[in-house]
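# Notes for the structure review
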Amino acid sequence: MIFNSIGLDSSKTKELANDLNYLLANFQTYYQNLRGIHWNIKGRGFFDLHAKFEELYDDANTKVDEIAERILTLGETPLHTFEDYSASAKVPVGKNISEDVKAVRLIVDSLTELLKIERDILEKAGDANDEGSNSMMSDFITEQEKTVWMMKAWLNEEV
């Protein structure tokens, strides 16, 4: 086993960085979706949803930066082109969504997909003894589970 300068198994950190790049691509798609629904939302809920979507895209933007910096900390290079993101992402792409229910549904569907990826990384980070990635995923999961609950409550649906 070869350890890198932060004390982690180099082969495991390379795999984790690849998984984090996959998460990064999906987060970038999620972020862009949030920008689009923020700009295009219409209807009676405009003021509340416009502000909420801005809050969510600001948070997503911060998380994108944290993911990219974690990839760099692990000694790898973060994806950074839309071409890479489009080729890798599994999060649904929302286009021209202006209706409130469709916008909130897109958020729920996107977060559901992100949570699956994050749980996978959480497990692998634990196996690699990578507390930095583990802690990041744990924090992301906690916040996003709450957001899913809130959005599902808005949709009048059970979690």
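Everything in this summary refers to the structure shown in the same document. Counting restarts for each chain: residues are numbered from 1 in the order of the written sequence. Given that the model is predicted, a residue must reach a pLDDT of at least 70 before its local features are reported, and side-chain atom pairs must reach 80 or more before they are shown or counted; all residues, however, enter totals for whole chains, interfaces and linings. The side-chain figures draw on all heavy atoms in the structure; neither hydrogens nor water molecules are used.

With that settled, consider the layout of surface pockets. Leftover empty space is mapped by rolling, across the atoms, a probe with the size of a water molecule. Here a cavity denotes a set of grid points, spaced 1 Å apart and computed over the protein atoms alone, in which a 1.4 Å probe fits but from which it cannot get out, and a pocket denotes an open set meeting protein on both sides within 12 Å along at least five of seven lines; residues with an atom within 4 Å of a point are reported as lining. Grid points are joined across faces, edges and corners, and a volume is the space filled by probe spheres set on the points. Put simply, the largest pocket is a space of about 280 Å³. Lining the largest pocket are 18 residues; nearest its centre among them are Thr29, Gln32, Asn33, Val93 and Gly94. Strands are runs of DSSP state E lasting at least 2 residues, helices are runs of H or I lasting at least 4, and numbering of each runs from the N terminus. Put simply, the parts of the chain that give the lining of the largest pocket at least two residues each are α1 (10-40) and α3 (82-88). When residues are grouped by polarity, Ala, Val, Leu, Ile, Met, Phe, Trp, Tyr, Cys and Pro land in nonpolar, Asp, Glu, Lys and Arg in charged, and all others, Gly among them, in polar. When grouped by side-chain class, the residues that make up the lining of the largest pocket number eight nonpolar, nine polar and one charged. Volume-wise, the second largest pocket comes out at about 220 Å³. Glu55, Leu56, Asp59, Glu143 and Thr147 are the residues nearest the centre of the second largest pocket, which is lined by 14 residues in total.

Lines fitted to C-alpha atoms define the axes here, with helix axes fitted over just the stretch in contact, and angles between the N-to-C directions of these axes take values from 0 to 180 degrees. Helix α4 (residues 100-127) packs onto α1 with a crossing angle of 165° between their chain directions and a minimal axis gap of 10 Å. Comparing their axes, α4 and α1 come out roughly antiparallel. Between α1 and α4 lies a crossing whose hand is left-handed. Grouping the constituent residues of the contact of α1 with α4 by class yields 16 nonpolar, three polar and seven charged. Angles below 35 degrees are treated as roughly parallel, those above 145 as roughly antiparallel, those between 65 and 115 as roughly perpendicular, and all remaining angles as oblique. For any pair of crossing helices, the crossing counts as left-handed if the nearer helix is rotated counterclockwise from the farther one by less than a right angle, and right-handed if it is rotated clockwise.

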